[in-house]
Amino acid sequence: METGYLDRLLRPRSIAVIGGGVWGESVIKNCRALGFDGLIWPVHPTKAEIAGEVAFTSVEDLPAAPDAALVVVNRYLTIDAVAALSALGCGGAICLASGFSEAQAEEETASALQDMLLQASGDMPLIGPNCYGLVSYLDGFALWPDQHGAERVDSGVAVIAQSSNVALNITMSQGGLPLAYVATTGNQAQIGLSGLGAAMLEDPRVTALGMYIEGIDDLRGFEALATRSRALGKPVVVVKAGRSALAKEATISHTASLAGSDAGARALLKRLGFAQVDSLPKMLETLKLLHVCGPLTSNRIASMSCSGGEASLIADAAEGYDVSFPALNSRQYVDLRKALGPMVALHNPLDYNTYIWRDTEALTQTFSAMLDKDLGLACVILDYPRHDRCNAQDWACVIDAIKAARATGTTPMAVVTTLHDTISEERAKELVAAGIAPLSGIENAMVAAEAAAICGRRTPLSDPLLLPLVPASTDVLSEADAKSALMDHGLRVPVALRAISAREAADKAELIGDKVVLKGEGIAHKTEAGAVVIGLSGAEETIAAAKAMPTDHFLIEEMVRGAEAELLIGCVLDPAHGYVLTLAGGGILTELLQDNVSLILPVCEEDIIAALDQLKIAKVLNGYRGRPAVDKAAIVQAVMAVQRFVTAHQGQVAEVEINPLMCTPDAAIAADALIKMERTQ
């Protein structure tokens, strides 16, 4: 999508409302209430005026091509209206009507109607259908047919949601977050989250972007959004809905159960450098911190409160999040002792006690002493009293001290409440205006700090994603064929021979020598079926084991010895997010342990090392309690071999799994392998 494609739609000087009734009146009233000073043209076949504006009989009767239009008629009339707007040269249309592709499960013609709508729009930008539209609190217009709760701002964050009701609810938030744009995308028939988000980030008045995502519209579009976000220094925060399994029927491997759609989405968003949080309140608090303070330079936090209980609460809340409370350095210690005297125990988090309450100068000295260039954020814990029953006058000195400290230092500052409803919208807006982030709830504050620090250390995107080209039908290769295919791309496998009888299996075992592993071929879950026996020695043991298996086709392999750890390397084609690479603790306990990390292909060697270090089994890989470390370089090359195979067969391969990868001090050998790929006729 070229730059400027959505300029007229996002910053219109003339808008048309196609359709009347309550919907059309709401749009006009919303625009008036926000102070829109452009032209408003209602279109209705029988009404002479709507909400005080002169109405036109048809789109063709409009005095000029509108910059933007909201179409609020039924789905069949919507198609006609969109075609007329496109022919007139409209800058963009938003379609409210439902009953298009989202209804295809109930109505066979629904998808065809959406195709007709796209054809009708031609080159004209189209948002929807099945969406409420767009509100600009920067320029004061609302192509939005319902109530909304926000107000005009000079700058703020943009928020886009696929769900109209989610977007509407966000406008009702009273946390002091300034909203620049709120938009919905509905079915994403033409303009999706990525295109609309990129266009909004181009507005210099937008500081950050929040997204509620139900489905990724365009992987290349999201890559472009991530690239532009980095270039502009404007972070993206995401709530991703849906944690269902990638393919519930795909039970032939452990990988499919580990790398569900949620794992794929998380890996994709992490790769793009977007901060993912798991709820709308956490997204709004994160956006608030980013709007006020920008991306944090580090995850190192200082906390100040007048209560030991609050200091304990924030320390406990940080557990499980990638934030830290560094010990006081010598300069902080000296300055704090000077400000607080000998009676206060000096720590981070700091309980500065209540004896300096109401002493603005002492509070300012304390807060200033705590600030440091190595900190990403300094938090002051403060809950306001109820305004209807209490007097908040004594709290003003704390705010004055925070403002004074913030003015003299470079460390970003936030006021953090322990509860979610102990700061009013008025107080929150006052803090935002002063450059101090008002964060509601200690856990939300820790999430926001972690996310803002992630945004502050984003690295440039690596090679383009492998697009998820889905094969029409697939087969599972035999283990021998899978190993052979992967060996051609650099994977190390045991010496192996095949046999079609118990006697032949014994003969092949003699050729390999020493102890061998016998496997029955053509069985998906060999261990559960009793089709794997290890440590066989001699013809009699091999024949007995072969006869006990539910097959007459066998694979005889040399037994890998000296393994210090077993890993799983898996790759699953996720139709929504690309190829999901999973690294996990391997063997028969893979799903039970749930020790796994997911990445999106392609990856580099540094990515693999970082992922291995995140596993619980990392201690074993590095050498645990006197045991030798494994050859990590060999593990990396095994993963790269899988990636080379997948890249070479993109669009054909649906799944690859090595489990276990036997990791020794000097090798990484695939003891078992599975490939599911396009069926050959």
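Before reading further, recall that the structure is shown in the block above.
Residues numbered from 1 in each chain as written. Predicted model: local features only at pLDDT ≥ 70, side-chain atom pairs only at ≥ 80, totals over all residues. Heavy atoms only, no water.

This part covers the overall build of the chain. Of the regular secondary structure elements, the chain holds 23 helices and 30 strands. The dimensions of the chain, computed from C-alpha atoms along their principal axes, are 95 × 80 × 40 Å. When the 681 residues of the chain are sorted by exposure, 57% land in the buried category. A separation of at least 24 residues holds for 71% of the contacts in the chain among residues at least 6 apart in sequence. Within the structure as shown, the chain displays about 28,200 Å² of accessible surface, and the carbon and sulfur contribution to it stands at 51%. In the chain, the 53 positive side-chain charges and the 81 negative ones have mean positions that sit 5 Å from each other. (Helix = DSSP H or I, 4+ residues; strand = E, 2+ residues; numbered from the N terminus. Buried < 20%, exposed > 50% of the residue type's maximum accessible area, 1.4 Å probe, protein only. Contact = heavy atoms within 4.5 Å. Areas by Shrake-Rupley, 256 points an atom, 1.4 Å probe, with all protein chains shown as cover. Lys, Arg positive; Asp, Glu negative; His and termini not counted. Charge placed at Lys NZ, Arg CZ, Asp CG, Glu CD.)

This next bit is on unusual backbone geometry. Leaving glycine out, the prevailing phi sign among residues is negative, and the prevailing peptide bond configuration is trans. Omega for the peptide link from Asn348 to Pro349 comes to 5°, which places this bond in the cis form. Secondary-structure assignment places Pro349 in the loop between α12 (330–340) and β16 (350–351). Geometrically, the link from Leu601 to Pro602 is a cis peptide bond, its omega value of 5° lying close to zero. With respect to the helices, strands and loops of the structure, Pro602 is situated in the loop between β27 (596–600) and α21 (605–614). Its identity as a non-glycine residue notwithstanding, Arg358 has a phi of 75°, on the positive side. Within the fold, Arg358 resides in the loop between β16 and α13 (360–370). Overall, the relative accessible area of 57% leaves Arg358 in the exposed class. Non-glycine residue Arg625 carries a positive phi angle of around 50°. Within the secondary structure layout, Arg625 lies in the loop between α22 (618–621) and α23 (632–648).

With respect to the secondary-structure elements, Thr366 resides in helix α13. Excluding its chain neighbours within four sequence positions, the residues that come into contact with Thr366 are Met304, Leu336, Ala339, Leu340, Leu350, Tyr352 and Ile356.

In this section: the pairing of strand β18 (residues 413–416). Alternating positions in β18 separate into two faces, Met413 and Val415 on one and Ala414 and Val416 on the other, with burial throughout. In terms of strand pairing, strand β17 (residues 377–381) meets β18 through four bridges, oriented parallel. Within β18, the residue paired with Cys379 across the bridge is Ala414. Remark: the β17/helix α14 (residues 396–408)/β18 crossover connection has right-handed handedness. Inspection of the sheet shows β18 paired to strand β19 (residues 437–439) by three bridges, in the parallel sense. Within the sheet, the bridge partner assigned to Ala414 lies in β19 and is Ala437. Tracing the backbone out of β18, into helix α15 (residues 425–433) and back to the parallel element β19 gives a crossover that is right-handed. (Pairing = 2+ DSSP bridges. Right-handed = clockwise from strand over helix to strand, strands pointing away.)

Attention now moves to the sheet that holds strand β9 (residues 141–143). Pairing is mixed in the open sheet, where seven strands are placed in the order β9-β8-β11-β10-β12-β13-β14. What marks the edges here is a single partner per strand, and that holds for β9 and β14 (275–277). Averaged over all pairs of adjacent strands, the angle between strand axes in this sheet comes to 15°, irrespective of strand direction. One ladder, built from five bridges, connects strand β10 (residues 156–161) with strand β11 (residues 179–184); its direction is parallel. Its bridge partner lying in β11, Val157 is registered against Leu179. (Axes fitted to C-alpha atoms, helices over the stretch in contact; angles between N-to-C directions.)

Now for α23. If you check α23, its first and last C-alpha atoms are 24 Å apart, about what 17 residues at 1.5 Å a residue would give, namely 24 Å. When you tally the buried positions in α23, you get 12 out of 17 residues, the bulk of the element. By the burial criterion, the buried members of α23 are Lys632, Ala634, Ile635, Val636, Ala638, Val639, Met640, Ala641, Val642, Gln643, Phe645 and Val646. Two or three places before Ala633, at the start of α23, stands the capping residue Asp631, its side-chain oxygen 3.2 Å from that residue's backbone nitrogen. (Expected span 1.5 Å × (residues − 1). Polar contact = N/O pair within 3.5 Å; in protein donor to acceptor, adjacent residues only side chain to side chain.)

Taken as a whole, this structure holds 34 salt bridges when the rule is applied. Across the pair Glu151 and Lys429 runs a salt bridge whose closest N-O atoms are separated by 2.6 Å. On the criterion of sequence distance, the pair formed by Glu151 in the loop between β9 and β10 and Lys429 in helix α15 is long-range, its members being 278 residues apart. With relative accessibility at 36%, the residue Lys429 sits in the partly exposed group. (Salt bridge = Lys/Arg side-chain N within 4 Å of Asp/Glu carboxyl O.)

All quantities given are derived from atomic positions and should not be read as evidence of function.
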